[in-house]
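Each chain is listed here by its residues.
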Amino acid sequence: MGRSGEARVGVKELAVTLGIETSCDETSVALVEGGRRVLANVIHSQVDLHKEFGGVVPELAARDHLERLPHLLDLAFEQAQASPEDVGLIAVTRGPGLAGFYAAMLARADLEPPLLGLVVSGAHSDLVRMPEHGRFEVIGRTRDDAAGEAFDKAARMLGLGYPGGPALDRLARTGDARRQPLPRPSLPGLEFSFSGLKTALLYRLRDLGDGAGPQEKADLAAAFERSVVESLLEKLDEALSRAPVAEVVVAGGVAANTLLRRRAAEVVGDRARLTMPPLELCTDNAAMIAAAAYFTSLPRGEVGPARSAGPGGGPQQSITVDPSVGWD
Ligand code: KG4
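Residues numbered from 1 in each chain as written. Predicted model: local features only at pLDDT ≥ 70, side-chain atom pairs only at ≥ 80, totals over all residues. Heavy atoms only, no water.

Chemist: Just to check I follow, could you spell out the overall build of the chain for this structure?
Modeler: The secondary structure content of the chain amounts to ten helices and ten strands. A separation of at least 24 residues holds for 73% of the contacts in the chain among residues at least 6 apart in sequence. Just so you have it, the chain exposes about 13700 Å², and 51% of that area is on carbon and sulfur atoms. (Helix = DSSP H or I, 4+ residues; strand = E, 2+ residues; numbered from the N terminus. Contact = heavy atoms within 4.5 Å. Areas by Shrake-Rupley, 256 points an atom, 1.4 Å probe, with all protein chains shown as cover.)

Written out as structure tokens, the structure reads:
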């Protein structure tokens, strides 16, 4: 896929894309028309299943995906008022990649590359230029943990449950970062690193010992969040200054973070248009998988805002979404 271009199919056959997402702890099925119009995007979260283990148990996740998929497929077709014959393209997730970008395409009908993206999830902290659909040039990445991973580990240290990122976000809202300042990681160039910050949190908690009550923990959550967010945005700011671009996208699960959403808008300002997908499209979902497959499988030059080709028609194509293929 991507630039390798082995999955080029005609526009008409791609009118409705069936997306299936089972890469982690969400089972999701979506039907998306023309790469932009979400007809259905059903998501089942396995949070309750994994909660008692403090993280995702792969064997349980796999079994649960299999058990739930048939019902979710029925639900998606019912919600979309569509039938399997309407589907021209089937897209399934193969592993972590940059498909999160395509959540932004669903959020804004006229969003087109070239764009600059900050993709922040449990697996990625990447600054990416996307000169055209399906082509990603990673210009900055993390040396160690991804931002989501760092949030999850910090949440564990603070005694918050799984999933850690959202819990830390909530706790940080009741804290004051200035009361427990933590270092802000800053590497030269466009690289990120969060392991030093994690260690700083660990040592601070050790030093505080029994003195780490609820307020101290809330303050530490706020400080940790601020350090991660400001470090991400410092590099986004630098990338934008180095090579200005009209469209900026912040995507991936961590894009659901309250402080990141607010600060990203301030940092980008009026230098570019900023798109951050709505919360339900930030974390794993099949609609973005369908959109990614749609846009990356069209022949060059045929990609554009919602097109009018109606549902139905040609043979079904099946594409495995792995946007990491095509990275520079
Ligand atoms: O993109 P995503 O749903 O999937 C994977 O990468 O698997 O991202 C999940 C990550 C997790 O690390 C989660 O803790 C983090 O995104 N996350 C958040 C928030 N919501 C999800 N991190 C900080 N604040 C949030 N509100």
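So, next bit.
Chemist: Hey, could you run me through the side chain of His133 in this one?
Modeler: Mapped onto the secondary structure, His133 falls in the loop between strand E6 (125-132) and strand E7 (135-140). A relative accessible area of 5% means that His133 is categorised as buried. A distance of 3.0 Å separates the side chain of His133 from the side chain of Glu112, its partner in a polar contact. (Buried < 20%, exposed > 50% of the residue type's maximum accessible area, 1.4 Å probe, protein only. Polar contact = N/O pair within 3.5 Å; in protein donor to acceptor, adjacent residues only side chain to side chain.)

Chemist: What is the right way to read the environment of Gly100 from this model?
Modeler: By secondary structure assignment, the location of Gly100 is in the loop between strand E4 (87-93) and helix H3 (101-107). It is 7.1 Å that separates the C-alpha atoms of Gly100 and Cys282, two residues lying 182 residues apart in sequence. Other than its neighbours up to four places away in sequence, Gly100 contacts Ala251 and Met288.

Chemist: I would appreciate a short explanation of the pattern of salt bridges in the present structure.
Modeler: Pairs can form between side chains of opposite charge once their charged atoms are near each other. The full count for this structure, using the stated rule, is 22 salt bridges. Lys235 is the partner of Glu234 in a salt bridge, and the nearest nitrogen-oxygen pair spans 3.9 Å. Exposure remark for Glu234: the relative accessible area of 26% places this residue in the partly exposed category. Here Glu247 makes a salt bridge to Arg273, at a shortest N to O gap of 2.9 Å. One end of the pair, Glu247, is in strand E8 (residues 247-251); the other, Arg273, is in strand E9 (residues 273-275), with 26 residues separating them in the sequence. The exposure class assigned to Glu247 is buried, which follows from its relative accessible area of 11%. Through salt bridges that share partners, Asp145, Glu149, Lys153 and Lys198 make up one connected network. (Salt bridge = Lys/Arg side-chain N within 4 Å of Asp/Glu carboxyl O.)

Chemist: Would you take a moment to explain the environment of Asp145 for this structure?
Modeler: In this structure, Asp145 sits in the loop between E7 and helix H4 (147-157). Exposure remark for Asp145: the relative accessible area of 7% places this residue in the buried category. C-alpha of Asp145 to C-alpha of Phe192: the two residues are 47 residues apart in sequence and 8.7 Å apart in space. What Asp145 contacts, discounting residues up to four positions off in sequence, is Ser125, Ala150, Lys153, Phe194 and Lys198. Separated by 2.5 Å, the side chains of Asp145 and Lys198 make a polar contact.

Chemist: Quick question: what am I supposed to make of the site of the ligand here?
Modeler: Around the ligand sit 15 residues, and of these Gly122, Asp152, Gly165, Asp169 and Gly253 come closest. Here the ligand has 550 Å² of accessible area as a free molecule, and 85% of this is covered by the chains. Of the residues belonging to the shell around the ligand, the class tally is five nonpolar, seven polar and three charged. (Near = heavy atom within 4 Å. Nonpolar A, V, L, I, M, F, W, Y, C, P; charged D, E, K, R; others polar.)

Chemist: What exactly am I supposed to notice about the side chain of Arg36 here?
Modeler: Tracing the sequence through the fold places Arg36 in the loop between strand E2 (26-33) and strand E3 (37-45). The class for Arg36 is buried, based on a relative accessible area of 7%. At a separation of 3.0 Å, a polar atom in the side chain of Arg36 contacts the main-chain carbonyl oxygen of Met105. Here the side chain of Arg36 touches Ala109 through a polar contact of 3.3 Å, landing on its backbone oxygen.

Chemist: Could you clarify how one ought to interpret the pairing of strand E1 (residues 16-21) in this entry?
Modeler: Across the six residues of E1, six count as buried, placing the element largely inside the fold. The side-chain alternation of E1 yields two buried faces, one formed by Val16, Leu18 and Ile20 and the other by Thr17, Gly19 and Glu21. Counting the residues in the hairpin turn of E1 and E2 gives four residues. Where E1 lies against E4, five bridges are found, and the strand directions are parallel. (Pairing = 2+ DSSP bridges.)

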